[in-house]
Structures are given as C-alpha cells and as structure tokens.
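# Residue-level structural notes
Each chain is listed here by its residues.
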Amino acid sequence: MNKNLMSFSIIFLVFCILLGSWFISQSLTSEQVNKTKEKQTKEEQFRYELISPNDSNIIIFDK
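I will try to describe carefully the structure that is included in this document. Bear in mind that the values here come from a model prediction, so they are computed numbers and not experimental data.

## Some words on the overall build of the protein
What the protein contains, in helices and strands, is two helices and two strands. Seen in sequence order, the protein has helices and strands lined up from the N terminus as α-α-β-β. In the protein, buried positions account for 0% of the 63 residues. Total accessible area on the protein stands at roughly 6400 Å², and carbon and sulfur atoms take up 63% of it.

## Considering the packing of aromatic side chains
Across all of its chains, the model carries two aromatic pairs by this definition. Judged by centre distance (6.4 Å) and plane angle (20 degrees), the rings of Phe8 and Phe12 are stacked. Here Phe8 pairs with Phe12, and both are found in helix α1 (residues 2-39), just four residues apart, close to one helical turn. A residue is classified by how much of its surface remains accessible, and Phe12, at 48% relative accessible area, is partly exposed. For the ring pair Trp22 and Phe23, a centre distance of 5.4 Å and an interplane angle of 55 degrees mean the geometry is tilted.

## Some remarks on a nonpolar patch on the surface
On the surface, Leu5, Phe8, Phe12, Phe15, Leu19, Trp22 and Phe23 cluster together into a nonpolar patch covering about 800 Å² of accessible area. In this structure, Leu5 sits in helix α1.

Reading the values: rules and limits
Residues numbered from 1 in each chain as written. Predicted model: local features only at pLDDT ≥ 70, side-chain atom pairs only at ≥ 80, totals over all residues. Heavy atoms only, no water. Helix = DSSP H or I, 4+ residues; strand = E, 2+ residues; numbered from the N terminus. Buried < 20%, exposed > 50% of the residue type's maximum accessible area, 1.4 Å probe, protein only. Areas by Shrake-Rupley, 256 points an atom, 1.4 Å probe, with all protein chains shown as cover. Phe/Tyr/Trp six-rings, centres within 6.5 Å; stacked < 30°, edge-to-face > 60°. Patch = residues over 30% accessible without salt bridge, like charges linked within 9 Å, V, L, I, M, F, W, Y side chains within 5 Å. Salt bridge = Lys/Arg side-chain N within 4 Å of Asp/Glu carboxyl O.

This is the structure we're talking about:
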C-alpha cells in the first residue's frame, strides 16, 4: 500500500507541475498580446517624422 501511495503522489506532483507551467505560459502569452495591442495607438501611428533641412537631404526622425 505504501508503494501505491508513493506512485500516486509522484504522478500527482508531475501533474501539478505541468498544470502550473501551462498556466504560467498562458499568462505570459496573454500579457505579450496585450502589450502589442497597447502599442498600436494613434500616437504610435505618427512615430516617425520626415525632416527635410534642404533640397538634397532627408532625415527620418524617430520620436
């Protein structure tokens, strides 16, 4: 009986570790998706500015 309990405990521990790892990976993935959606605002659309100091030069400025 003690051997069966030990086997069950090991299987349960492995299951809990896998389940916890899956939860952590899902939360990190959803956090990255939220950050990329936040970056696509109107401010982000006008991030670059084209500056022409004279007729022969062009500067692209990253705000």
